[in-house]
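Per-entry structural report
This is what each chain is made of:
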Amino acid sequence: MIKIYTYPVIFAVEDNETDEGDLHVYIRIPDLMDAGFSFASSTGHTEEDILAIAKDCMNMSIKDGLRRDLQAPLASKLGNIDLKRHLSRYDEEDIDLKSIAIEWIKTEV
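Here the structure is a predicted model, which means the values were calculated and not measured. (Residues numbered from 1 in each chain as written. Predicted model: local features only at pLDDT ≥ 70, side-chain atom pairs only at ≥ 80, totals over all residues. Heavy atoms only, no water.)

A word on the side chain of R28
Following the sequence through the fold, R28 ends up in strand β2 (residues 23–28). There is no salt bridge for the buried R28, and the closest opposite charge comes from D34, which lies 7.3 Å off by N-O distance. At a separation of 2.7 Å, a polar atom in the side chain of R28 contacts the side chain of Y26. Within the local environment of R28, its side chain forms a polar contact with the backbone oxygen of H86, the two atoms lying 3.1 Å apart. (Helix = DSSP H or I, 4+ residues; strand = E, 2+ residues; numbered from the N terminus. Buried < 20%, exposed > 50% of the residue type's maximum accessible area, 1.4 Å probe, protein only. Lys, Arg positive; Asp, Glu negative; His and termini not counted. Salt bridge = Lys/Arg side-chain N within 4 Å of Asp/Glu carboxyl O. Polar contact = N/O pair within 3.5 Å; in protein donor to acceptor, adjacent residues only side chain to side chain.)

Quick notes on helix α2 (residues 47–67)
Its 21 residues give α2 an end-to-end C-alpha distance of 30 Å, which sits within 8% of 30 Å, the value for a rise of 1.5 Å per residue. The first or second residue beyond α2 is D69, which carries a positive phi of 65°. (Expected span 1.5 Å × (residues − 1).)

Notes on a negative patch on the surface
A surface patch of like charges, here negative, comprises E47, E48, D49 and E103. Of the residues forming the negative patch, the biggest block, three residues, is contributed by α2. For D49, the location among the structural elements is in helix α2. (Patch = residues over 30% accessible without salt bridge, like charges linked within 9 Å, V, L, I, M, F, W, Y side chains within 5 Å. Areas by Shrake-Rupley, 256 points an atom, 1.4 Å probe, with all protein chains shown as cover. Charge placed at Lys NZ, Arg CZ, Asp CG, Glu CD.)

Digging into the nonpolar core
The biggest cluster of nonpolar side chains holds 16 residues, and the ones touching the most others in it are Y7, V9, F11, V25, L32 and M58. When residues of this core are traced back to their parent elements, those giving at least two are β1 (4–17), β2 and α2. Looking at this core, the element that brings in the most residues is β1, giving five residues. Apart from residues lying up to four places away in sequence, F11 is in contact with V25, Y26, I27, I50, L51, A54, S99, I100, A101, E103 and I105. By size, the runner-up hydrophobic cluster in this structure holds six residues, among which are A12, I81, L87 and Y90. (Core = buried A, V, L, I, M, F, W, Y, C linked by side-chain atoms within 4.5 Å. Contact = heavy atoms within 4.5 Å.)

Pasting the structure below:
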């Protein structure tokens, strides 16, 4: 049976580009991460690329977690997401961010 999952996803876009002109995007799915599911970071050339990558990351994360018998969590309200905790990597390294956004992403598993 196919189930639809929808979670808020944090996109932290770094200020530097790759040699190919892609943007470094740090993708965090707080609800899944807090429940023990995996997370990802990637690059993309366009906003559509980045959203597709986030959807694929969410799909793979959910499938992997369910295979490991993890329980898919309920989605958080946007106001309850702790951006500082989920983006702490940027406090530890000298990385400049171009933008931070949170988008609702949906996938079928």
